[in-house]
Amino acid sequence: MLWGRFVPELLVAEGLFAGYGESIVLEGVSFALEQGGSLALLGRNGVGKTTLLLTLMGLTRLRRGRLLMRGRDISREPTYLRARCGLGWVPQERLCFPSLTVEEHLNVVARRGPWDLARIYLAFPGLAERRRNLGNQLSGGEQQMLAIARALMTNPSVLLLDEPMEGLAPVNVRAVVKVIQDLVCTGEFAVIIVEQHARVALALTTQAIVLDRGRVVHHASSNDLLADAAVLDRLVALA
């Protein structure tokens, strides 16, 4: 259950007001996510979706509100401590280092848990083949796989995916969708997906919220929103 004040949740955002410098982008954003839950974060360009993920990671200026992880207030914690608490971030820009090999990317962030190099290479056989290649020697699709794999090596409780399909060729989009689908189905951790392809995101998740001008304007099950084309088109202007 995503919405329910008295239900114990893994991650809870309460009335977040946040932005950059003196600018406020998010206005009173609240949501809750249970262990193993999945959430599509939708909306038109520039409504605050990426800002919300950055706020969860402590990379914006939080003016008001609280962020709770397993009941612990991490609202003022630095980014590295949020990662230790279980937030795993796959940034929109992928942020692969040109001077590190694939395996070095994975080892440098590794934390003890079920996701280790052996499991990563089983889940991402293409990365196993390219383990000695540098970050700047990978295709866009390979870099996206590496960004996801790198986040998994931190053994997160919540995986944040920011536009994971952006700029990819159709064959790579299908591969990334399959990886995310498999991750969601395991139920090992909660997943939040920011994605312009609304129908793809809804098909991968169980719950959805829609932002407009930094505020939550709609929340529903992903299946219900996916089935209501008129509402979906009105909210995100996507067919």
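As a reminder, the structure under discussion sits directly above these lines.
Calculation rules
- Residues numbered from 1 in each chain as written.
- Predicted model: local features only at pLDDT ≥ 70, side-chain atom pairs only at ≥ 80, totals over all residues.
- Heavy atoms only, no water.
- Phe/Tyr/Trp six-rings, centres within 6.5 Å; stacked < 30°, edge-to-face > 60°.
- Lys NZ or Arg CZ within 6 Å of the ring centre and 35° of its normal.
- Pairing = 2+ DSSP bridges.
- Helix = DSSP H or I, 4+ residues; strand = E, 2+ residues; numbered from the N terminus.
- Axes fitted to C-alpha atoms, helices over the stretch in contact; angles between N-to-C directions.
- Contact = heavy atoms within 4.5 Å.
- Core = buried A, V, L, I, M, F, W, Y, C linked by side-chain atoms within 4.5 Å.
- Buried < 20%, exposed > 50% of the residue type's maximum accessible area, 1.4 Å probe, protein only.
- Salt bridge = Lys/Arg side-chain N within 4 Å of Asp/Glu carboxyl O.

**Q** What should I look at first to understand the packing of aromatic side chains in this one?
**A** Where two aromatic rings form a pair, the distance of their centres and the angle of their planes describe that pair. If you walk through the whole model with that rule in mind, you get zero aromatic pairs. Across the ring face of F17, the terminal group of R64 is positioned such that the distance to the ring centre comes to 4.1 Å.

**Q** I'm lost on the sheet that holds strand β10 (residues 215-221) in this one. Help?
**A** For sheets, the rule is that strands pair by backbone hydrogen bonds, running either parallel or antiparallel. Overall, mixed pairing links the six strands, which are arranged β6-β7-β8-β3-β9-β10 in an open sheet. Each of the sheet's edge strands pairs with one partner strand only, and the pair in question is β6 (87-90) and β10. Shown here is a sheet whose adjacent strand axes are inclined to one another by a mean of 20°, direction ignored. In the packing of helix α6 (residues 140-152) onto the sheet, the strands contacted are β6 and β7 (158-162), and the crossing angle to β6 comes to about 170°.

**Q** What's the story with the nonpolar core in this structure? I'm lost.
**A** Note on soluble globular proteins: their nonpolar side chains tend to be buried together. Formed by 44 residues in total, the largest nonpolar core has its most connected members in L42, I120, F124, I148, L152, L159 and L225. When residues in this core are grouped by element, the largest group, seven residues, is from α6. The contact partners of F124, leaving out residues within four places of it in the chain, are M145, I148, A149, L152 and V179. Counting residues in each nonpolar core, the second largest holds 29 residues, with A18, L26, C85 and L211 among its members.

**Q** Whenever I open this one, the pattern of salt bridges confuses me. Can you help?
**A** It is possible for side chains bearing opposite charge to pair when their charged atoms get close. For the structure shown, the criterion picks out 10 salt bridges. For R66, the salt bridge is made with E14, and the minimal N-O distance between the two is 3.0 Å. Residue R66 is found in strand β4 (residues 61-69), and its partner E14 is found in strand β1 (residues 11-20); the two are separated by 52 residues along the sequence. Measuring nitrogen to oxygen at the nearest pair gives 2.8 Å for the salt bridge that ties E27 to R215. Placement of the pair is E27 in strand β2 (residues 23-33) and R215 in strand β10, with a sequence separation of 188 residues. Assessed through its relative accessible area of 28%, E27 is described here as partly exposed. Overall, R215 belongs to the partly exposed group, its relative accessible area being 47%.

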